[in-house]
Amino acid sequence: MPPVVTPDICDAHPEVRVLDPVFINFGGREAFSGPVRTIKCFEDNSRLKEAVAEPGEGGVLVVDAGGSLRCALLGDRLADQAARNGWAGIVLYGCVRDVDVLADVDLGIQALGVHPRRSHKHGEGQRDLTVTVAGVSLRPGDWLYADNNGIVVADARLPID
């Protein structure tokens, strides 16, 4: 697959949806793309833990954590597991932790910020539904492209050069 360059994608495909510029790149992959899988949860990473344990097949997990800045839903262990299981990336509308380690994990990770406290684990949350994060609605099966310039989403995989 050619490298992801979101400004070029926006120029060639004006129909893409662009997430608000609120995310910070934390992962070892600065650019990533893949089909979207979704999780909706709030301060509970149980569904995220389930998802990263499954084969990712090059997909991107989009986690609507409600924009919470009160705890981290993703740290080094879950990120490492996601990378080992073939996920291309995780876009987290919430916080991460263990950022020094995340920078070395072969996974795209974009999130709102960093928090040292871990999340709750009460088995709450939902998977594979439409979520709205940073001003954009994302559905399972949409195609996400992310790099240091931003995050864009299309209804299907784009023919990019």
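Look up a bit, the structure's there.
Residues numbered from 1 in each chain as written. Predicted model: local features only at pLDDT ≥ 70, side-chain atom pairs only at ≥ 80, totals over all residues. Heavy atoms only, no water.

A. Examining the side chain of Thr6 more closely. Inspection of the secondary structure assignment puts Thr6 in helix H1 (residues 6-12). Ignoring sequence-local partners within four residues, the contact set of Thr6 consists of Tyr145, Ala146, Asp147, Asn149, Gly150 and Val152. (Helix = DSSP H or I, 4+ residues; strand = E, 2+ residues; numbered from the N terminus. Contact = heavy atoms within 4.5 Å.)

B. Summary view of the state of the cysteines. Enumeration over the complete set of coordinates arrives at zero disulfides. Here Cys95 stays free of any disulfide, with the sulfur of Cys71 as its closest cysteine sulfur at 7.6 Å. Accessibility expressed as a relative area gives 2% for Cys95, which makes it buried. (Disulfide = S-S within 2.5 Å. Buried < 20%, exposed > 50% of the residue type's maximum accessible area, 1.4 Å probe, protein only.)

C. Inspection of the packing of aromatic side chains at higher detail. Using the criterion set out here, one finds one aromatic pair in the structure. With centroids separated by 6.2 Å and ring planes inclined at 55 degrees, the aromatic side chains of Phe23 and Tyr93 adopt a geometry described as tilted. Taken together, the positions of Phe23 in the loop between strand S1 (17-18) and strand S2 (24-25) and Tyr93 in strand S6 (residues 89-96) put the pair 70 residues apart, joining distant regions of the chain. For Phe23, a relative accessible area of 15% gives the class buried. What makes Tyr93 partly exposed here is its relative accessible area of 22%. (Phe/Tyr/Trp six-rings, centres within 6.5 Å; stacked < 30°, edge-to-face > 60°.)

D. Region of interest: the pairing of strand S7 (residues 108-114). For S7, a buried count of six out of seven residues is recorded, marking the element as mostly surrounded by other parts of the structure. Of the pairings in the sheet, the one linking S6 to S7 comprises six bridges and is parallel in character. Residue Leu92 lies in a different strand from S7, and its bridge partner there is Ala111. (Pairing = 2+ DSSP bridges.)

E. Highlighting a positive patch on the surface. A surface patch of positive charge is lined by Lys49, Arg77, Arg118 and Lys121. By the element assignment, Lys121 lies in the loop between S7 and strand S8 (126-127). (Patch = residues over 30% accessible without salt bridge, like charges linked within 9 Å, V, L, I, M, F, W, Y side chains within 5 Å. Areas by Shrake-Rupley, 256 points an atom, 1.4 Å probe, with all protein chains shown as cover. Salt bridge = Lys/Arg side-chain N within 4 Å of Asp/Glu carboxyl O. Lys, Arg positive; Asp, Glu negative; His and termini not counted. Charge placed at Lys NZ, Arg CZ, Asp CG, Glu CD.)

F. Inspection of the nonpolar core at higher detail. In this structure, Leu74, Ile90 and Leu92 are the most contacted members of the largest nonpolar core, which totals 24 residues. Taken together, the elements giving at least two residues each to this core come down to helix H2 (46-52), strand S4 (60-64), strand S5 (72-74), helix H3 (76-84), S6 and S7. Ignoring any residue separated from it by four or fewer positions in sequence, one finds Leu74 in contact with Leu48, Ala79, Ile90, Leu92, Cys95, Val96, Arg97 and Ile109. Grouped together as the second largest cluster of nonpolar side chains are 18 residues, Leu19, Val62, Ala88 and Leu112 included. (Core = buried A, V, L, I, M, F, W, Y, C linked by side-chain atoms within 4.5 Å.)

G. Just the pattern of salt bridges, in detail. Throughout the structure, instances matching the rule amount to 13 salt bridges. The salt bridge involving Glu43 is made with Arg70; its shortest N-O contact spans 2.7 Å. Of this pair, Glu43 sits in the loop between strand S3 (32-40) and H2 while Arg70 sits in the loop between S4 and S5, and the two are 27 residues apart along the sequence. Looking at Glu43, the relative accessible area reads 11%, which means it is buried. Ionic pairing is found between Asp142 and Arg139, a salt bridge with its closest N-O pair at 3.0 Å. Linked by salt bridges that have partners in common, Arg17, Arg139, Asp142 and Asp155 make up one network.

Nothing here speaks to function; it is all geometry.
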